[in-house]
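Below, each chain spelled out in residue letters.
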Amino acid sequence: YFKKIVVDGNITSRHLALEVPEVSIAYKIYANDQLIGQVGSPGVSRAATNPKIDFKVFAFNANPQDTVTLILHVSNFHNKSGGLWYAPKLAYKKDLIERTDLNRSLKLIIIGCILIGALFQLSIFLRRRNEKSALYFFLICISLSALLLTRGDLPLLDLFPETSWTMLKKTL
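How each quantity is defined
- Residues numbered from 1 in each chain as written.
- Predicted model: local features only at pLDDT ≥ 70, side-chain atom pairs only at ≥ 80, totals over all residues.
- Heavy atoms only, no water.
- Helix = DSSP H or I, 4+ residues; strand = E, 2+ residues; numbered from the N terminus.
- Expected span 1.5 Å × (residues − 1).
- Buried < 20%, exposed > 50% of the residue type's maximum accessible area, 1.4 Å probe, protein only.
- Arc of directions from axis to C-beta.
- Contact = heavy atoms within 4.5 Å.
- Salt bridge = Lys/Arg side-chain N within 4 Å of Asp/Glu carboxyl O.

Got a minute to help me understand helix α2 (residues 132-149) in this structure?
Residue pairs three or four apart in sequence face the same way in an α-helix, which turns once every 3.6 residues. Here α2 contains 18 residues, and its C-alpha end-to-end distance of 26 Å stays within 8% of the 26 Å for a straight helix at 1.5 Å per residue. A134, F138, C141, S145 and L149 are the residues of α2 that are buried. Projected down its long axis, α2 shows its buried positions confined to an angular sector of 65°, all on one face. For α2, the exposed residues set more than 90 degrees away from the buried face come down to Y136 and I140. Here the buried face of α2 lies against α1 (93-127) and α3 (156-159).

Put into structure tokens, the structure is as follows:
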């Protein structure tokens, strides 16, 4: 993938960032021919490629009136539905990192609330075994929490950074 961006002369900061949402492939990203990051190890064959799913923010600098060339080298030998599922977002580094941190914090708070509700429903079921609806609600809460941990900005990778591509792919 290739994109040429002309930077506006009115930018307030030269520190820009590119948010690449979860991508189920291996890739390297370049800004003005300089490697700014990678996920997995892209290669020219299945054996040479190490895929990974991750949500990343890559920072780079650009001056007003500059032209920034973004190049994304992608290899996809392991996943028939792999590739860029969502468009990358370009913004000021500070704004993008603040928004990403806020979204991740809110998601973790929501997951915590769901898990507290799940534990409450489990305690109801353990006290009254004939209340099957409490058990079903507990199972739904656990499933929803697992879904939220493995979607979007992938907070599961913050908790377990060495999670394998295969395991994450099976949950998606």
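Looking at this structure, how should I read the pattern of salt bridges?
Close approach of charged atoms lets side chains of opposite charge pair. Enumeration according to the criterion identifies 3 salt bridges in this entry. Linking K89 and E19 is a salt bridge whose minimum nitrogen-to-oxygen distance equals 3.7 Å. Note that K89 is positioned in strand β6 (residues 89-92) and E19 in strand β2 (residues 15-31), a separation of 70 residues in sequence. Taking relative accessible area as the criterion, E19 reaches 5% and is therefore assigned buried. Taken together, the shared-partner salt bridges in this structure form one network comprising E19, K89 and R99.

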